[in-house]
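# Structural overview
Here's the letter readout for the chains.
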Amino acid sequence: MKKLLFILLGALLILPMVNSAYAGGPPPKDIMKGVFLNVDNNARTVTFQKDGKKETVELILGADMKPSDVRVNKKVMVSLDKHAGENVIKSIDIMFLDMTIKRIISLLVIGLIGGLLSGFIGSGGAFVLTPAMMSLGVPGAIAVASNMCHKFPKAMVGAYKRYKYGQADIKLGLVMAVTAIIGVQIGIKFQKYILNHFGNAGSNLYVSFIFMVVLVFVGGYVLYDAYKLSKGGEEAKVSKLALRMQKINIPPMMYFKVAKVRISFWVTVPVGIFTGMLAATIAVGGFIGVPGMIYVLGTSAVIASATELIIAFIMGAWGSIQWGLSGLIDIRLTLLILAGSLIGVQLGALGTTYVKDYTIKLVMASTMLIVAVSRGAKIPGYLADLNLRPALEPQLAHTLSQVSYWALVTALGSAALIITVAMVRGMAAAKAEARTEGIVSHG
Amino acid sequence: MDSKVTKFDKNMSAVTFAEAGEFETAAEFLQEERTEEEAVSPIAKKKPYAGLVIFGAVSLCGYIALMTHQGWVSNEYTMGGWHAAYPVVTALAFSFIHGAFASNLLSVLGLEAKNH
């Protein structure tokens, strides 16, 4: 069995050299980073110096760009419009925003709550961090990259804490991570296919629609399960599906000590692959990974959410290297989020020791369902982009985008509230228990 | 001083009862003594103030250095290629230092995991 584990690890290490997989989508290609040296207002040309190079290039401003859009001597990200000709600029993004107090405080708070959720249910934060950063004015690619780079150290700290509480199954995490990385690649291939055939709007629609369906279906089931457990007051049982899966006897059979599950390696493969595919599209693989481990493999919610942190660590580290190679990580954003999230993740991790299994399921389900609302609110806009429905009125478009954003904030806020209440109750109960025990032993 | 007198008194009382043949009462005196000691000396639960201050200071210095050298950091860290190691290693280093600070902070605040 150990041999197999080493083979898997070996494959994990070699894979990036053979092929490049990017969790959260691949870094963009037609982008140049550097500084504008001067602007010629009449000729509509700019002198641009690429990062790390001495020589300069002449670039032409695109048709809908104004010379006043160009900020001289500030590091920018320039995307080129290959269809309009050589060296024509499509858009310019300032790479590094000035850090105002408001931005710093926002990053700290989002980090803290995102970390809390992550430590508790194994994933989360990423789905709200990227849009939140973008709404602060960070260019999309930088937001994804900086978020990715914050994810893996956070997951590492969370995984370590939960390993110490005896909840994380390292072997299961490694096995799942290998297949998840393969899933990421499949996810990207799929995305590229849709992008080539249906364009950007088609790809957006695909992501929103498919994953809204997945989130509603899986989230709804998890919620139903949590509700049943909370009503009945009984301990969580292994699902019927998982019991059937555990009976499948195709070698190699693997025994996961912490999870107390003996199952064929082949059953873990689809769970891992779907986790990766989801990670490649909405950057939160855990929404499939955790329920998959609970209902297909038969682990408890507490073990599944802890093991997900190991998967998140491996995939996050991988993605960070990829995004780092293209030089898009704004380390200031990464470290500011980490300042809050490292506290949050440890708080969430210790919180799991005070609650029953169904509380974890409840938090997970409510988060998934509210994120589904956020995705759903985007669908009418994408349908209009594809000419499948009349264009949205500006007022409606604005309302929908507000609904989408605030649904994410609500998801984060409500999860934080449930976790805090459950934890405070659990701690109070534990104290009362300790006191009663003390009285009994003294008396 | 007071507590020592009390302890001495209790021990003597226990001896007196024991000599008088009332072993149970004597044992009661001694037992009470032991539980009291347990209650006042939770050495294992000492709060990690030193760790909190040291890691907190190092972490804070790191953040100050980052914010005061923004220009240099932003430039060097985004060169791409092997410069990818900069953000990855920095994030890891911060997670160790700031993570240790956060862990100590929670302990000092009295937030500990439940022992199963």
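Read on for an overview of the structure. Predicted model only: the values in this text are computed from it and were never measured.

### Considering the packing of helix α2 (residues 101-121) of chain A against helix α10 (residues 331-351) of chain A
Residue and element names in this part refer to chain A. Where α2 contacts α10, the two axes come as close as 6 Å, and the packing angle between them is 35°. Viewed along their axes, α2 and α10 form a crossing whose handedness is right-handed. Class assignment for the residues of the contact of α2 with α10 results in 14 nonpolar, nine polar and no charged.

### Topic: the interface of chain A and chain B
Taken together, the contact pairs 38 residues of chain A with 33 residues of chain B. For the interface between chain A and chain B, the tally reads nine residue pairs in polar contact (both at pLDDT 80 or more). Those elements that place two or more of their residues in the side of chain A that touches chain B are α4 (140-164), α9 (301-325), α10 and α13 (394-442) of chain A. Looking at the side of chain A that touches chain B, its residues break down into 24 nonpolar, nine polar and five charged.

### Observations concerning unusual backbone geometry
Residue and element names in this part refer to chain A. Put simply, proline 251 and proline 252 share a cis peptide bond, and its omega is 0°. Of note, proline 252 is situated in the loop between α6 (240-247) and β6 (253-256). For arginine 44, which is not a glycine, the phi torsion comes out positive at approximately 55°. Following the sequence through the fold, arginine 44 ends up in the loop between β1 (31-40) and β2 (45-50).

### Considering helix α3 (residues 126-135) of chain A
A large share of α3 of chain A lies buried, amounting to seven of its 10 residues. Glycine 137 of chain A sits one or two residues past α3 of chain A and shows a positive phi near 110°.

### What about the sheet that holds strand β5 (residues 88-94) of chain A?
Strand order in the closed barrel formed by five strands is β1-β2-β3-β5-β4 (chain A), with mixed pairing between adjacent strands. Neighbour-to-neighbour, the strand axes of this sheet turn through a mean angle of 55°, independent of strand direction.

### Things to note about the pattern of salt bridges
Residue and element names in this part refer to chain A. Scanning all chains against the criterion turns up two salt bridges over all chains. Close ionic contact of lysine 361 with aspartate 225 constitutes a salt bridge, the shortest N to O distance being 2.8 Å. In this pair, lysine 361 sits in helix α11 (residues 357-376) while aspartate 225 sits in helix α5 (residues 170-232), placing the two residues 136 residues apart along the sequence. Its relative accessible area of 4% is what places lysine 361 among the buried residues. On the basis of relative accessible area, aspartate 225 is assigned to the buried category, the value being 10%. Across the salt bridge formed by aspartate 330 and arginine 332, the nearest N and O atoms sit 3.1 Å from each other. Here aspartate 330 falls in the buried class, since its relative accessible area comes to 3%.

### Describing the pairing of strand β3 (residues 56-61) of chain A
Residues and elements named next belong to chain A. Pairing geometry for β2 and β3, over five bridges, is antiparallel. In the strand pairing of β3, threonine 47 is matched with glutamate 58. What sits between the antiparallel neighbours β2 and β3 is a turn of five residues, in which glycine 52 has the positive phi angle 75°. Pairing geometry for β3 and β5, over two bridges, is parallel. The residue of β5 that forms the bridge with leucine 61 is isoleucine 89.

### Digging into the side chain of lysine 171 of chain A
Of note, lysine 171 of chain A is situated in helix α5. Aspartate 169 of chain A is the oppositely charged side chain nearest to the buried, salt-bridge-free lysine 171 of chain A, at an N-O distance of 7.1 Å.

### Some thoughts on helix α4 (residues 70-77) of chain B
Within α4 of chain B, the full set of buried residues consists of Val73, Ser74 and Tyr77 of chain B. Considered in projection along α4 of chain B, the buried side chains sweep an arc of 95° and stay on one side of the axis. Opposite the buried face of α4 of chain B, by more than 90 degrees, sit the exposed residues Gly71 and Trp72 of chain B. Along its buried surface, α4 of chain B packs onto β4 (75-80) and α10 of chain A together with α3 (49-68) and α5 (85-108) of chain B.

### Some details on the pairing of β4 of chain A
All names here are of chain A. Across the six residues of β4, six count as buried, placing the element largely inside the fold. A two-sided burial pattern is seen for β4, the buried positions comprising Lys75, Met77 and Ser79 on one face and Val76, Val78 and Leu80 on the other. One ladder, built from five bridges, connects β1 with β4; its direction is antiparallel. By the bridge assignment for β4, valine 35 is matched with lysine 75. Two elements, β4 and β5, share five bridges in a ladder whose sense is antiparallel. Paired with valine 78 across the two strands is isoleucine 92, which belongs to β5.

Rules and cut-offs
- Starting from 1, residues in each chain are numbered consecutively following that chain's sequence as written.
- Just so you know, chain letters begin at A and ligand numbers begin at 1, following the order they were written in.
- Predicted model: local features are reported for residues with pLDDT of at least 70 only, side-chain atom pairs are reported and counted for 80 or more only, and whole-chain, interface and lining totals are derived from all residues.
- The side-chain values count all of the structure's non-hydrogen atoms but skip hydrogen atoms and water molecules.
- Every axis in this analysis is a line fitted to C-alpha atoms, fitted for helices over the stretch in contact. Angles between the N-to-C directions lie between 0 and 180 degrees.
- Each helix is a run of DSSP H or I of at least 4 residues and each strand a run of E of at least 2, with the numbering of both proceeding from the N terminus.
- The crossing is said to be left-handed when, going from far helix to near helix, the turn is anticlockwise and less than a right angle, and right-handed when the turn is clockwise.
- Three residue categories are used. Nonpolar comprises Ala, Val, Leu, Ile, Met, Phe, Trp, Tyr, Cys and Pro, charged comprises Asp, Glu, Lys and Arg, and polar comprises the others, including Gly.
- Contacts are residue-level and defined by heavy atoms, with any inter-residue pair within 4.5 Å sufficient.
- Polar contact is the term for a pair of N or O atoms within 3.5 Å; when the atoms are in protein, one must be able to donate a hydrogen and the other to accept it, and sequence-neighboring residues count only if both atoms are side-chain atoms.
- Summary of the burial criterion: residues with accessible area below 20% of their type's maximum are buried, those above 50% are exposed, and those between are partly exposed, where the area comes from a 1.4 Å probe applied to protein chains only.
- If DSSP finds at least two bridges between two strands, the strands pair.
- What counts as a salt bridge is simple: a side-chain nitrogen of Lys or Arg found within 4 Å of a carboxyl oxygen of Asp or Glu.
- Positive residues here are Lys and Arg, negative ones are Asp and Glu, while His and the chain termini are left out of the count.
- For this quantity, the arc is that covered by the directions from the helix axis to the C-beta atoms.

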